[in-house]
Amino acid sequence: NHPNSSSSSFILVGVPSSDAFPTCWGILFCSGYIITLVGNGVVLLVIGLENSLRDPIHWFLAMLAVIDVVMVTSVVPKMLSIFWLKSTEIGYMACFTQMFLVHSATSVESGVLLAMAVDRYVAICHPLRYQTILNRQTIAQIGLAIVLRALLFIIPLTAMVTNLPYCRSHVVPHSYCEHMAVAKLACADPRPSGLYSVAGSSLIVGMDMAFIAVSYGMILKTVLRKKLCWKAFSTCGCHLCVLLLYYVPGIVSIYVQQFSSGVSAQAQVLLADLYLTLPTMLNPIVYSIRTKQIRQAVLKLL
């Protein structure tokens, strides 16, 4: 009655009520996965090969690309096996490992986006001190702090969900081991883990968005006060696009999963799936199109 062992497993439904279109869903997510791997791989390759792309903003962009690859790889291959091979079973430990990777990656990505906003603030408001403030040691410390913060949030959440007794259905109405979908299968009260998740996610996202807003407020103030060319402010355009791609569907998905019982199960699952796959696919495209240095480096590589 308690599948709390490595030999137990859960059953992933995929996208509910979509039995007639599994091949189409598989093609859609497989195409997105290939674009994500190729796009982020090219970004990492040009940053590694081109000496002119060794400044702090491109180191943060490399971090973002790595996180995107980890996030989508932890989810999409299993989704494709569900859609194409009807392999819906996932092991107990594999399920919670997937949960850990997905939710820690989302927290790390939010931290990297905050670091990129700080980078733009220093570059525009303190251009002469840019290399001094954001040296390699500082960047490494920022990256370590981002990872530690994610671990401090996700390890207790994973432990709370893992220690629940699962004596009901093992069928997870989702495409991956989303923690609330799994916790609801427990025969104990899942609300503590749900409240912890919403509170922790709201705190991380709220804090990051507040600091990002402050950074851009100070950037705007500097641009207006010093009558700088708006070209300086336009360097933030691709970062703002990525922020919108990440935070808007993420916030909607979190609160829909937790509070909106009026939204259909199919819509909830698709929203969660697109939240993990769409930004990871579009991020390298946005930076390649809007950032002249990366675009020129990619053309040079080709």
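Residues numbered from 1 in each chain as written. Predicted model: local features only at pLDDT ≥ 70, side-chain atom pairs only at ≥ 80, totals over all residues. Heavy atoms only, no water.

Per an unreviewed UniProt entry, the chain goes by the name Olfactory receptor and belongs to Smutsornis africanus. The heading Sequence similarities (unreviewed entry) in the UniProt record of the chain holds the text "Belongs to the G-protein coupled receptor 1 family." What UniProt states about the chain under its Subcellular location (unreviewed entry) heading is, verbatim, "Cell membrane". (UniProt positions renumbered as here; feature names shortened; annotations may be inferred.)

Participant: How should I be thinking about the side chain of His58 in this particular structure?
Facilitator: With respect to the helices, strands and loops of the structure, His58 is situated in helix H2 (residues 56–73). Beyond its immediate stretch of four places on either side in the chain, His58 contacts Ile47, Leu53, Thr291, Gln293 and Ile294. (Helix = DSSP H or I, 4+ residues; strand = E, 2+ residues; numbered from the N terminus. Contact = heavy atoms within 4.5 Å.)

Participant: Sorry if this is basic, but what is going on with the packing of helix H1 (residues 22–49) against helix H3 (residues 76–85) here?
Facilitator: Between H1 and H3, the least distance of the axes is 8 Å, while the angle of their chain directions is 160°. Looking at the two axes, H1 sits roughly antiparallel to H3. When the axes of H1 and H3 are compared, the crossing they make is left-handed. Two secondary-structure elements touch here, H1 through Pro22, Thr23, Trp25, Gly26, Ile27, Phe29, Cys30 and Tyr33 and H3 through Val76, Pro77, Met79, Leu80, Phe83 and Trp84. The class makeup of the residues in the contact of H1 with H3 is twelve nonpolar, two polar and no charged. (Axes fitted to C-alpha atoms, helices over the stretch in contact; angles between N-to-C directions. Parallel < 35°, antiparallel > 145°, perpendicular 65-115°, else oblique. Left-handed = near helix turned anticlockwise from the far one by under 90°. Nonpolar A, V, L, I, M, F, W, Y, C, P; charged D, E, K, R; others polar.)

Participant: Even after reading the chapter, I still don't get the state of the cysteines, so can you show me in this structure?
Facilitator: Here is the idea: a disulfide is a covalent bond, and it sits between the sulfur atoms of two cysteines. Under the counting rule described, the total for this entry stands at one disulfide. With a sulfur-sulfur separation of 2.0 Å, Cys95 is cross-linked through a disulfide to Cys177. Every disulfide takes its handedness from the sign of the S-S torsion; for Cys95 and Cys177 that torsion is -125°, giving left-handed. Of this pair, Cys95 sits in helix H4 (residues 92–125) while Cys177 sits in the loop between strand S3 (171–172) and helix H7 (179–183), placing them 82 residues apart in sequence. For Cys95, a relative accessible area of 0% corresponds to the buried category. A relative accessible area of 0% means that Cys177 is categorised as buried. (Disulfide = S-S within 2.5 Å. Buried < 20%, exposed > 50% of the residue type's maximum accessible area, 1.4 Å probe, protein only.)

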